[in-house]
Amino acid sequence: MTAAVLAGGTATACSSSGSSDKPRDPVAAPNAKQVNIPAYDPTKGARSDAVPGDCDRDDKGEWKFAGVVNNRSKNERTYSIVVDFVLDKGNTVVDTKVVKVPGVGAGHTADWTTIGASGNDDTLRCVIRNVQFS
């Protein structure tokens, strides 16, 4: 069943109570948001260019993750940084954001910030999942 979910399939619950054989419609998670994560291209990988910074809750209770991107190339680059907000308990990803950092000149740095998961859980980590340039 797990493989079907990971591959993009839909899993339905089964019951032996003699109820209808008709599968139930899948139920969306509350507050679920679709995030368009760029496809990974190893020729455009730039994970070492992104340096994570602070990961703290703001006054509204939302988690804020900041960092710096260092363009070590000889050309201007635009970066896409995929960030996960992960609970320590169960390593559960509770939010994902894609941060766009446009027009970073050759040899220059740029700050980036994103706001993600909200809540009072103090065991949340901010993780850079992927960095790519274009």
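Placed above this text is the structure.
Residues numbered from 1 in each chain as written. Predicted model: local features only at pLDDT ≥ 70, side-chain atom pairs only at ≥ 80, totals over all residues. Heavy atoms only, no water.

Topic: the nonpolar core
By size, the foremost hydrophobic cluster in this structure holds 21 residues, and its most contacted members are Tyr79, Ile81, Phe85, Val101 and Trp112. Put simply, the parts of the chain that give this core at least two residues each are strand 2 (62-70), strand 3 (77-87), strand 4 (92-104), strand 5 (109-118) and strand 6 (124-133). (Core = buried A, V, L, I, M, F, W, Y, C linked by side-chain atoms within 4.5 Å. Buried < 20%, exposed > 50% of the residue type's maximum accessible area, 1.4 Å probe, protein only. Helix = DSSP H or I, 4+ residues; strand = E, 2+ residues; numbered from the N terminus.)

Section: the packing of aromatic side chains
According to the stated counting rule, one finds 1 aromatic pair in the structure shown. On the basis of an interplanar angle of 90 degrees and a centroid distance of 5.1 Å, the ring pair of Phe65 and Trp112 is categorised as edge-to-face. With a gap of 47 residues between them, Phe65 in strand 2 and Trp112 in strand 5 connect regions that are remote in the sequence. Accessibility assignment for this pair places Phe65 and Trp112 in one class, buried. Against the face of Phe133 rests Arg77, its NZ or CZ located 3.6 Å from the ring centre. (Phe/Tyr/Trp six-rings, centres within 6.5 Å; stacked < 30°, edge-to-face > 60°. Lys NZ or Arg CZ within 6 Å of the ring centre and 35° of its normal.)

Structural notes on the environment of Thr92
Inspection of the secondary structure puts Thr92 in strand 4. Separated by 32 residues in sequence, Thr92 and Leu124 place their C-alpha atoms 9.3 Å apart. In this view, Thr92 contacts Phe85, Val86 and Leu87; residues no more than four positions away in its chain are not counted. (Contact = heavy atoms within 4.5 Å.)

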